[in-house]
Amino acid sequence: MSSDGDTGATHTTGVTTRRVPLRSLLFVPGSRTDWLPKAEAAGADAAILDLEDAVPEVGKAAAREAVAEAVAADQVTAGTPAPIRLLVRINALDRATGWQGADDLRAVARPGLYGIVLPKVSGPEDVTTADRLLAWCEREHGLPEGHFALLPLLETARGLREAYAIGRAAARIAHLGAVTAPGGDVERAIGYRWTPQGEETRELRARALLDARAADRPHPVAGLWADVADLAGLRRFAEQNRALGYEGMAVIHPSHVPVVNEVFAPDAEELARCERLIAAVERAQAKGAGAVLFEGRMVDEAMAATARHTLARHGGG
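Residues numbered from 1 in each chain as written. Predicted model: local features only at pLDDT ≥ 70, side-chain atom pairs only at ≥ 80, totals over all residues. Heavy atoms only, no water.

In the nomenclature of an unreviewed UniProt entry, the chain corresponds to HpcH/HpaI aldolase from the organism Streptomyces violaceusniger. As stated in UniProt under Cofactor (unreviewed entry), the record for the chain gives "Mg(2+)". (UniProt positions renumbered as here; feature names shortened; annotations may be inferred.)

Peer 1: I tried to follow the overall build of the chain on my own but got confused; where do I start?
Peer 2: Across its full length, the chain holds twelve helices and eleven strands. Within the chain, the proportion of its 317 residues that are buried is 48%. Looking at the chain as shown, the accessible area adds up to about 14300 Å², and 53% of this sits on carbon and sulfur atoms. (Helix = DSSP H or I, 4+ residues; strand = E, 2+ residues; numbered from the N terminus. Buried < 20%, exposed > 50% of the residue type's maximum accessible area, 1.4 Å probe, protein only. Areas by Shrake-Rupley, 256 points an atom, 1.4 Å probe, with all protein chains shown as cover.)

Peer 1: What is the right way to look at the UniProt feature "binding site: Mg(2+)" (unreviewed entry) in the chain in this model?
Peer 2: Under the feature "binding site: Mg(2+)" (unreviewed entry), the UniProt entry names Glu 155 and Asp 185. Annotated residues spanning 31 residues; largest pairwise C-alpha distance 5.7 Å, indicating a single compact cluster. Aside from chain neighbours lying at most four places away, what touches Glu 155 is Arg 89, Pro 119, Lys 120, Val 121, Asp 185, Val 186 and Ala 189. From its side chain, Glu 155 meets the backbone nitrogen of Lys 120 in a polar contact 2.7 Å long. Note that Asp 185 resides in helix α7 (residues 185–190). Residue classification places Asp 185 among the buried positions, given a relative accessible area of 16%. In terms of polar contacts, Asp 185 uses its side chain to reach the side chain of Lys 120, at 3.2 Å. (Contact = heavy atoms within 4.5 Å. Polar contact = N/O pair within 3.5 Å; in protein donor to acceptor, adjacent residues only side chain to side chain.)

Peer 1: Explanation requested: the pattern of salt bridges in the structure shown.
Peer 2: It is possible for side chains bearing opposite charge to pair when their charged atoms get close. By the definition in use, this model includes 21 salt bridges. Taking the shortest distance from any N to any O, the salt bridge between Arg 106 and Glu 140 comes out at 3.3 Å. Placement of the pair is Arg 106 in helix α3 (residues 100–108) and Glu 140 in helix α4 (residues 124–140), with a sequence separation of 34 residues. Using a relative accessible area of 40% as the deciding quantity, one classes Glu 140 as partly exposed. Among the salt bridges present, the one from Asp 131 reaches Arg 172, with a minimum N-O distance of 2.5 Å. Note that Asp 131 is positioned in helix α4 and Arg 172 in the loop between α6 (163–168) and α7, a separation of 41 residues in sequence. Judged by its relative accessible area of 10%, Asp 131 is buried. By relative accessible area, which is 1% here, Arg 172 ends up buried. Among the charged side chains, a salt-bridge network with shared partners connects Asp 50, Glu 52, Asp 53, Arg 89, Lys 120, Asp 185 and Arg 188. (Salt bridge = Lys/Arg side-chain N within 4 Å of Asp/Glu carboxyl O.)

Peer 1: Help me understand the packing of helix α2 (residues 60–73) against α3, please; the structure alone is not making it clear to me.
Peer 2: Helix-helix packing is described using two parameters, namely the angle between the two axes and the distance between the axes. At a minimum axis separation of 9 Å, α2 and α3 run at an interaxial angle of 25°. By the angle between their directions, the pair α2 and α3 is classed as roughly parallel. The handedness of the crossing between α2 and α3 comes out as right-handed. For the pair formed by α2 and α3, the contact residues are Lys 60, Arg 64, Val 67, Ala 68 and Val 71 on the first element and Gln 100, Asp 103, Asp 104, Ala 107 and Val 108 on the second. Residues that form the contact of α2 with α3 fall into these classes: five nonpolar, one polar and four charged. (Axes fitted to C-alpha atoms, helices over the stretch in contact; angles between N-to-C directions. Parallel < 35°, antiparallel > 145°, perpendicular 65-115°, else oblique. Left-handed = near helix turned anticlockwise from the far one by under 90°. Nonpolar A, V, L, I, M, F, W, Y, C, P; charged D, E, K, R; others polar.)

Peer 1: So what exactly am I meant to see when it comes to the confidence of the model for the chain here?
Peer 2: Close inspection of predicted coordinates is inappropriate in any region flagged by low pLDDT. The predicted model of the chain averages 88 in pLDDT, with 90% of residues at 70 or higher. Here residues 76–81 is a poorly scored stretch, pLDDT under 50, and it has one contact once near neighbours within four places are set aside; other chains count. (pLDDT = per-residue confidence, 0-100.)

Peer 1: Can you walk me through the nonpolar core in this structure?
Peer 2: Proteins that are soluble and globular tend to have nonpolar side chains buried together. Ranked by internal contacts, the top residues of the largest apolar core, which has 60 residues, are Val 88, Ile 116, Val 127, Leu 150 and Met 249. Val 20, Ile 48, Tyr 114 and Leu 151 belong to the second largest nonpolar core, which has 17 residues in total. (Core = buried A, V, L, I, M, F, W, Y, C linked by side-chain atoms within 4.5 Å.)

Peer 1: When you look at the sheet that holds strand β3 (residues 24–29) in this model, what are you seeing that I'm missing?
Peer 2: Neighbouring strands of a sheet are bound in pairs by backbone hydrogen bonds; such pairs are parallel or else antiparallel. Strand order in this open sheet of seven strands is β7-β6-β5-β4-β3-β9-β8, and the pairing throughout is parallel. The open sheet has two edge strands with one neighbour each: β7 (149–152) and β8 (221–222). Bridge count for strand β5 (residues 85–89) against strand β6 (residues 115–118) is three bridges, and the pairing is parallel. Bridge assignment links Leu 87 to a residue of β6, and that residue is Gly 115. Against the sheet, α4 engages β6 and β7, with an angle of about 155° to β7. (Pairing = 2+ DSSP bridges.)

Peer 1: Is there a simple way to explain the pairing of strand β10 (residues 291–294) in this structure?
Peer 2: Remember that side chains alternate between the two faces of the sheet whenever the strand is regular. Across four bridges, β10 lies against strand β11 (residues 297–300) in antiparallel orientation. In the sheet register, Leu 293 faces β11, and the bridge partner there is Met 298. Between the end of β10 and the start of β11, which pair antiparallel, lie two residues, with Glu 295 showing a positive phi angle near 50°.

Following this line, the structure appears as structure tokens:
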């Protein structure tokens, strides 16, 4: 997986850890860590090992142990990116689960882990708790503060309403966004009725994205597309998310990964157009002009800056 376009995410204490855009984040049941090679073969940028909804209560302890072993096996030499970034969705950090989430977090927060996916987030206080636990684990393992990323799932009405405050609660958050799906927690919380077009959640996803950007969270992700066989529908939904400004999506099946990766990566023509646009603006500036007609549109330094940003992240410019 390419790590082009790394950006710095400053921890609340001032320590900086590098975060990267993630185009595809593939859910893998925590009880089936043997499926990780399939996630890597599919080309997923990240795998989310799920200890929450994908594992029945009777199997949670065994799944936690298996996931911890998988994370430990994925430890790499400092500075060398892993073939696939590993995240773990823990159980909720609340009394109702018997604090299973805290036990999950401590078991899996070790050097091979990229980050924690935190479910059922209702407000910034949930993030603050997770942030402190992760900081404790970082000290325990001799890791720099901010080493572990945090991905809060906005699955409640309050959580979606307070997305900005949630995003500001911890600098280790990099991939905040709205993950909607048919029949899940968000549909139950909001009351929408899912359609194949996904229009009923468009404004919800757009608002969460704005909050994430305003909170300075660098790489927001959306999701999910639940129809495994409908790749055309997946592509339309992914393109809608990309048009809104998302940088990736969570997915539930390996067949979804190539589609999502393609949608969230600019093609060669788009990168070439960026180069042409920058050159046109720079030629105009050299002649004392601030704007120029480029391929039928007026462009100026703002458009050139956006093109440079795209090239820096995806084209090596």
